[in-house]
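Coordinate inspection notes
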Amino acid sequence: MMAASAACSMSKVPAMTASRLPTTRLLLSASLALVLAIPPAAAQDGSGSGAGTPAGVAQPGAASPDSAPTNSESQAGTQAPEQPEGEMDSPAQTATEGEASSAESATDEPAGSSPAASASTVDQSAGEGTDAAQDSSPAVQAVSEPQPQRDVGADWPHWGGGPDAQRYSPLDGITRDNVGELTKAWEYRTGDMPTEETEGKYSPEGTALKVGHSLYLCSAMNILVALDAETGVELWRYDPKVSPDAIPYGATCRGVTYFENPEAEEGEACAARIIEGTLDARLIAVDAKTGEPCEDFGENGAVDLWNGIGERVPGWYSVTAPPALVRGILVTGAQVKDGQAEDAPSGVIRGYDAVTGQLAWAWDLGNPDLTGAPPEGETYTRGTPNMWTTATGDEELGLVYLPMGNSSVDYWGGGRSEAENDYSTSLVAIDVTTGEPAWHFQTVRYDVWDYDLGSQVTLIDFPDPKGEGTVPALILPSKQGDIYILNRETGEPLFPVEEIRAPIGGVEPQNLARTQPTSTYHTLRKDRLTAKDMWGVTPLDQLFCRIQFQRANYDGIFTPPSADKPWIQYPGYNGGSDWGSIAVDPERGLIIANYNDVPNFNQLIPREKADEMGLKPINEKAPESESGENAAEGAGDPQAGAPYAIDVNAGWRVPFTGIPCKQPPLGGIRAIDLATGETVWDQPIGTARRNGPFGIPSFLPKRIGTPNNGGSVVTKGGIVFIAAATDNLIRALDIETGEELWSDVLPAGGQANPTVYEENGREYLLIQAGGHHFMETPIGDWYIAYALPEVEGEAGNP
Amino acid sequence: MSETRSVGTPRDGAFFWTMLVALLALAFGLPILGGGVYLIWLGGSWYYAIAGFGLVATAIALFAQSMSAFWLYLLTYIGTVIWAFWEVGFDWWAQVPRLVAPTVLFIFILTTLPALARSGR
């Protein structure tokens, strides 16, 4: 799941001027104070301070796989404002600004810590000490007080709905009783369709925001559009002119970010702005009212994210997710096209001032000392784990939660550093006021299965399993299917994490983790595959699959990659849960999770054979070879630098017929009791209407369970809205029972998260029908809005 | 006399239809038998080799316009149904590869019955 851009030139950002309000000067002097205070802070044991408190949770990588038969050890960590002790000046900074600290319940952390955690602790303090010496502390600081956030309701102000990313709408105009009457209110077409050059490469995956009376969205090639929320009429558009060769794995823009500058004057340009990350790795900000680029942001509205990354290779480093916005800082990672080479762009995570576009901080896990831009001629550490999905901001705690992937060579880890093994496939919490990790939680050790965390985490006040009250927590879904509930201040799991034995074998048995964590709260994962699960249309192709099954290496989940024989990876790299994420109804106490139930059939290719086959990484390919349909991710990926390339048969498809070897259902949707993790209902999602052998639609309306990508929205009215499956339907389910109450046929694939909003008294459901090359659904450029029919003479009444 | 074929079998539509069904049975039967033997060698299910054998035998009997084709295939088909339910029970999607094509073939063979009956063999 991966010609320098036309517009972008330099990466220099304008020097900060003093043209803003006095708070800025205060911030500046406070930052200076902070810089001066760092050496004394480093002398401490590192368990607190403005540099952030690391709390390593779960053993780092393969380094100490056997050390904890139980679960992840954790050291409670918090970020600066809560640190009661110490003469750190970061509290001084926050004290000057006003006390955010009182708001946050400071969980205190003992200075002593478990061995695993102290390993990361040591890293941090070493970093701090040399910080001031090595590079200048960034001139920009996050606001230390939580900013007022727009909430979900009439609006849908964030990609995940509210600031908590619950994908929940408090609207209840549409209910079980009337949802059957939903009709199309309007439709809009962005006009961004593939050309001959980009045929087979589109996967828009877009979700629109709604703020005020407007909708804001981005198209597959990053064209920004604003629509009237009631009529769907286009208000403005802005085309950043992204070159087609910037497409990595697919042309995707999952959404945009809406930012209101609290210090802007009324009517000032870009007081409210729309920000997106582009395929050619720029951060672009335009005025929300006019679509004009924001002059004061970066260079005429654009910040070049290639800065510090290294050689510009279009299509290798792209942003496909909306940046998170926390305390006035935009946080973004990027998608590094999978499987190309060890020497690939860095997975560095960076925070930028949302007003000026200046770099506030950088988190390079391979080089924790580097907190700003790298020195001339150097880059951030290449090939490290990246974050391609959407992060979640925690405005109150000042943290941002980053679901990380694994290193650039996915299926062989012999070249990874200890830091990579520590952080790969982990959820990392970064303190946006400092740019330092606060804690991290690893879900796969020594990940050689491309099990990167693809789901955005959801924030929730979770009923404390130990007693009364609630705990500020987050829900972390994963591709292996495990769903974790973590305390989001400390990273500690609220339910025990069990260790399961991992099979050992393959090409690097000595490196593999002996055990892997699994969540006792809930997993979407099903039982391991058996020969009986093989499928087909006739006994003949079923026999073919059974022969493949017998011949392959398979010992359940985490079967190690092998070169001598193919191996079965189940769940495959599409989950479990993927970028669609989960939705939660906090009032009914239900999590809704749609998931894939599909194996991949893989094999490592030794380097000599890969060379014979001509597998070359993206920076060595001739440009002509880029045109034409993009292969599925992993199919013949070179993994240059590693002794093996990789071939992934995604979905384990039989050649010639295209039928998957595993029997249906290949995807499902499930309701989970929030407090206990028990399954409430579970059923396949997706009908067979579009699928059949040789790609011929069977028109069978029967629910079969298809692969799905995209998530759901749940509403107070008791409805689950979801498209996602490969049958091109948008549907409404009863959240209590899963019963399908309504559906409609979309003109293209519905692989996107819906939006629910209210305008002029009417509740709308908005879904992109954009299609998806990997999911093999028809491509389109529609956004389609549904609503209950207007009552005559009463339009506009709430 | 030692003819291997009844005198006077008309080479009409029914005859050629039977040949076609025979070819179909052979086209499925040979690879299922061959692959099925390989599967046994790999440690997998015995069903396919046995069913493939039944299909090939049916095909041969059909080529010979013999009524035994019906009985051979009936045996194969019943065995298939028992095996299919033993493997996956009432999971209808899982039953598609196990039962649909064999049932279709059964119907085809039923349509050859008139030709098989008149051949007297």
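Counting from 1, residues in each chain are numbered in the order their sequence is written. The lettering of chains begins at A and the numbering of ligands begins at 1, in the order of writing. Residues qualify for local features only when their pLDDT is at least 70, as the model is predicted, and side-chain atom pairs are given and counted only at 80 or more; totals for whole chains, interfaces and linings, by contrast, use all residues. Here the side-chain values reflect all heavy atoms present in the structure, with hydrogen atoms and water set aside.

**Section: the sheet that holds strand β35 (residues 712–715) of chain A**
All names here are of chain A.
- With mixed pairing, the 5 strands of this open sheet are ordered in space as β2-β35-β36-β37-β38. Edge positions in the open sheet fall to β2 (168–169) and β38 (740–745), since each of these has one partner strand only.
- A pair of strands is treated as paired once DSSP finds two or more bridges between them. Strands here are runs of E lasting at least two residues and helices are runs of H or I lasting at least four, both read from the DSSP assignment and numbered beginning at the N terminus. As defined by bridge partners, β35 adjoins strand β36 (residues 719–722) across 3 bridges and the pair is classed as antiparallel. Along β36, the bridge assignment pairs Val714 with Val720.

**Some points on the state of the cysteines**
Residues and elements named next belong to chain A.
- Throughout, a disulfide means two cysteine sulfur atoms within 2.5 Å of one another. In total, this model carries 3 disulfides over all chains according to the counting rule given.
- Disulfide pairing is shown between Cys270 and Cys294; the S-S distance is 1.9 Å. Between Cys270 and Cys294 the sulfur-sulfur dihedral comes to about -95°; the bridge is accordingly left-handed. Placement of Cys270 in the loop between β8 (257–260) and β9 (272–277) and of Cys294 in the loop between β10 (282–287) and β11 (302–304) is noted, with a sequence separation of 24 residues between them. Per residue, the accessibility class of Cys270 equals that of Cys294, and both read buried.
- Shown here is the disulfide that connects Cys545 with Cys661, its sulfur atoms set 1.9 Å apart. Where Cys545 bonds to Cys661 through sulfur, the torsion about that S-S bond is close to -80°, and the disulfide is left-handed. Placement of the pair is Cys545 in helix α5 (residues 539–551) and Cys661 in the loop between β32 (644–650) and β33 (667–673), with a sequence separation of 116 residues. For the pair formed by Cys545 and Cys661, the shared burial category is buried.
- Here the bonded cysteines of chain A are numbered in sequence order, and their pairing is 1-2, 3-4, 5-6. Each residue is placed in one exposure class: buried if its accessible area under a 1.4 Å probe, protein chains only, is under 20% of its type's maximum, exposed if it is over 50%, and partly exposed if it falls in between.

**Regarding the interface of chain B and chain A**
- The contact criterion used throughout is that any non-hydrogen atoms of two residues lie within 4.5 Å. If you look at the interface, chain B gives 23 residues, while chain A gives 21 residues.
- Accessible area that two parts lose when put together, with a 1.4 Å probe and added across both, is what the buried area reports. In total, about 1,900 Å² of surface goes out of reach between chain B and chain A, with carbon and sulfur atoms giving 67% of it.
- For the chain B face of the interface with chain A, the top three residues by lost area are Tyr48(B), Trp93(B) and Pro97(B), together amounting to 37%.
- A carboxyl oxygen of Asp or Glu within 4 Å of a side-chain nitrogen of Lys or Arg is what we treat as a salt bridge. Viewed at the interface, chain A and chain B are joined by 1 salt bridge.
- Arg546(A) is the partner of Glu87(B) in a salt bridge, and the nearest nitrogen-oxygen pair spans 2.8 Å.

**Overview of unusual backbone geometry**
Residues and elements named next belong to chain A.
- Along the chain, Gly575 connects to Gly576 via a cis peptide bond; the corresponding omega equals 5°.
- As for its position among the elements, Gly576 is in the loop between β28 (567–569) and β29 (583–585).
- Pro665 follows Pro664 through a cis peptide bond whose omega is 0°.
- If you trace the backbone, Pro665 turns up in the loop between β32 and β33.
- Positive phi values are uncommon outside glycine, yet Ala724 reaches one of about 70°.
- Position of Ala724 among the secondary structure elements: in the loop between β36 and β37 (729–734).
- The phi torsion at Glu776 lies on the positive side, around 60°, for a residue other than glycine.
- Position of Glu776 among the secondary structure elements: in the loop between β40 (762–769) and β41 (782–787).
- Here Glu776 falls in the partly exposed class, since its relative accessible area comes to 46%.

**Section: the side chain of Ser407(A)**
- Tracing the sequence through the fold places Ser407(A) in the loop between β19 (399–403) and α4 (418–423).
- For Ser407(A), the residues in contact, after removing those within four places along its chain, are Gly383(A), Thr384(A), Pro385(A), Arg416(A) and Glu420(A).

**Section: the pattern of salt bridges**
Residue and element names in this part refer to chain A.
- This structure, assessed with the given rule, holds 33 salt bridges over all chains.
- Across the pair Arg189 and Asp781 runs a salt bridge, and its minimum N-O distance is 2.7 Å. Note that Arg189 is positioned in strand β3 (residues 183–189) and Asp781 in the loop between β40 and β41, a separation of 592 residues in sequence.
- Note that Lys526 is salt-bridged to Asp597, the shortest N-O span being 3.7 Å. Pair noted here: Lys526 is in the loop between β27 (522–523) and α5 and Asp597 is in the loop between β30 (590–596) and β31 (600–606), with a separation of 71 residues, a long-range link.
- Look at Lys526 and you get partly exposed, because its relative accessible area is 31%.
- Taking the relative accessible area as the measure of exposure, Asp597 reaches 6% and is therefore buried.

**Observations concerning the UniProt feature "transmembrane region" (unreviewed entry) in chain B**
Residues and elements named next belong to chain B.
- Sites flagged by UniProt as "transmembrane region" (unreviewed entry) map to residues 14–40, 46–64, 71–93 and 99–117.
- Along residues 46–64 one finds 89% helix and 0% strand; the C-alpha atoms at either end are 28 Å apart.
- As annotated, residues 99–117 has a helix share of 100% and a strand share of 0%, and its two end C-alpha atoms lie 26 Å apart. UniProt positions are given in the numbering used here, feature names are shortened, and annotations may be inferred rather than shown by experiment.

**Let's talk about the packing of aromatic side chains**
- Pairing of aromatic rings covers Phe, Tyr and Trp, the last through its six-membered ring, and needs centres within 6.5 Å; plane angles under 30 degrees mean stacked, over 60 mean edge-to-face, and all others mean tilted. Inspection of the entire model under this criterion finds 33 aromatic pairs over all chains.
- Each ring, one from Tyr411(A) and one from Trp567(A), has its centre 5.9 Å from the other, and the planes form 65°; the classification is edge-to-face. Within this pair, whereas Tyr411(A) is found in the loop between β19 and α4, its partner Trp567(A) is found in strand β28, the two being separated by 156 residues in sequence. Across this residue pair, the class does not change: Tyr411(A) and Trp567(A) are buried.
- Taking the centre distance of 5.8 Å and the plane angle of 90° together, the rings of Phe462(A) and Phe495(A) count as edge-to-face. Here Phe495(A) lies in the loop between β24 (482–487) and β25 (497–501) and Phe462(A) lies in strand β22 (residues 458–463), a separation of 33 residues in the sequence. Take Phe462(A) and Phe495(A): they sit in the same class, and that class is buried.
- Three or more aromatic residues joined by ring pairs make a cluster, and in this case those are Phe70(B), Trp71(B), Tyr73(B), Tyr77(B) and Phe106(B).
- The ring of Trp579(A) has Arg254(A) lying over it, and the distance from NZ or CZ to the ring centre is 5.6 Å. In this scheme, the term charge over a ring applies when either NZ of a lysine or CZ of an arginine sits within 6 Å of the ring centre and within 35 degrees of the ring normal.

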